[in-house]
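Residues per chain are reported as follows:
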Amino acid sequence: MEKRTILTTSTRGLLEDSFPYRLYQKAKRLGNWNPADIDFTQDQKDWKSMTVEQREDILRLISQFQAGEEAVTLDLLPLIMAIAKEGRLEEEMFLTTFLYEEAKHTEFFRLILNALGERGDLSHFHTETYQKIFYEILPTTMARLMTDQSPEAIAEASVVYNMFVEGVLAETGYFSFYNALETAGIMPGLLEGIGNLKRDESRHIGYGTFLLQRSICEHPHLFDFVAAKMGELTPLAIRLNQEGIAGRKVSAFGGNPDDIMNFTLKQLSVRMEILARAKGKKIEEIYSYSDSELGV
Ligand code: MN
Ligand code: FE2
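Read on for a plain summary of the structure. A quick note: this is a predicted structure, and the numbers were derived from the prediction, not measured.

## Some thoughts on the overall build of the protein chain
So, step 1. For the protein chain, the count of helices and strands is 11 helices and 0 strands.
So, step 2. Beginning at the N terminus, the succession of helices and strands in the protein chain can be written as α-α-α-α-α-α-α-α-α-α-α.
So, step 3. Relative to its length of 296 residues, the protein chain is compact, with a C-alpha radius of gyration of 20 Å against a globular reference of 19 Å.
So, step 4. With 296 residues in all, the protein chain has 51% of them scored as buried.
So, step 5. Sequence-distant contacts, at least 24 apart, represent 84% of the contacts inside the protein chain between residues at least 6 apart.
So, step 6. For the protein chain, the exposed area adds up to about 13600 Å²; of that, 54% sits on carbon and sulfur atoms.
So, step 7. Each charge class in the protein chain can be summarised by its mean position, and for the 32 positive and 44 negative side chains these summaries are 2 Å apart.

## Focus on helix H2 (residues 41–49)
Because each turn of an α-helix spans 3.6 residues, side chains separated by three or four positions end up pointing in the same direction.
So, step 1. Of the positions making up H2, those classed as buried are Asp43, Asp46 and Trp47. All buried residues of H2 lie within an arc of 105° about the axis, which places them on one face of the element. Relative to its buried face, H2 has exposed residues pointing more than 90 degrees away, namely Lys45, Lys48 and Ser49.
So, step 2. As for H2, its buried residues are in contact with helix H3 (52–75), helix H5 (89–115) and helix H8 (188–218).

The rules behind the values
Residues numbered from 1 in each chain as written. Chains lettered and ligands numbered in written order. Predicted model: local features only at pLDDT ≥ 70, side-chain atom pairs only at ≥ 80, totals over all residues. Heavy atoms only, no water. Helix = DSSP H or I, 4+ residues; strand = E, 2+ residues; numbered from the N terminus. Rg over C-alpha atoms; globule rule 2.2 N^0.38 Å. Buried < 20%, exposed > 50% of the residue type's maximum accessible area, 1.4 Å probe, protein only. Contact = heavy atoms within 4.5 Å. Areas by Shrake-Rupley, 256 points an atom, 1.4 Å probe, with all protein chains shown as cover. Lys, Arg positive; Asp, Glu negative; His and termini not counted. Charge placed at Lys NZ, Arg CZ, Asp CG, Glu CD. Arc of directions from axis to C-beta.

Here it is, written out as structure tokens:
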């Protein structure tokens, strides 16, 4: 065991101006919504008036989110441990809010399912590609951090968790919810929760972007490694969308499935564009990012 160095009683103190510490402050201000306070009365009425196909489309999205939130809640811990082991105190302080928020997201989707009386098994919505991502790739990549805390292992975990699952798949999911429900003017409780979730997730993705940019700045070879990982994951995002669309030309709410696919493709390129900004930057510039520079 290395000799402990205490940061907060040293002249260093806490890095109050650093991006992760500011993110922690923001999470304390904005991340305290309570899923149990959301009123689903109107959602229950709307649910009964929807067509079978519409309910099926929304249930598919909810079941994928529900399982996704459960998975990210269970799989985050090894990353927090790896960051703590490196003594990155401000980052770990932010990560305490991160895990708490994922737990609330898991709670939120179960609450809406309960309110709608949907207590059946929803795992048939977890298609082959969905299972590949959430049953295999995510848990394996995150669990590896328990024995391997190399810069490559941490970068890979952040690519899979923050860039791909949160930054591409979840963002596409919010877009699909809004696309269906906002246009139809229904399910206000579900949309209220989704709005809160999306704001929480912007901080999670912002942290992942910081973590990857910091890692790339410290180890420049990681940029190509990260780009290659995103390249490997790209076909899975496309296949996941195709399995959801299942050959339909129009969604149950009248939307065009191509809009969803285009949104996914745009997210994939945006995430890499933002990471590319780390190249040639000094580490101080990365720590002093403003919230808006990392999309928070
Ligand atoms: Mn979440
Ligand atoms: Fe998240």
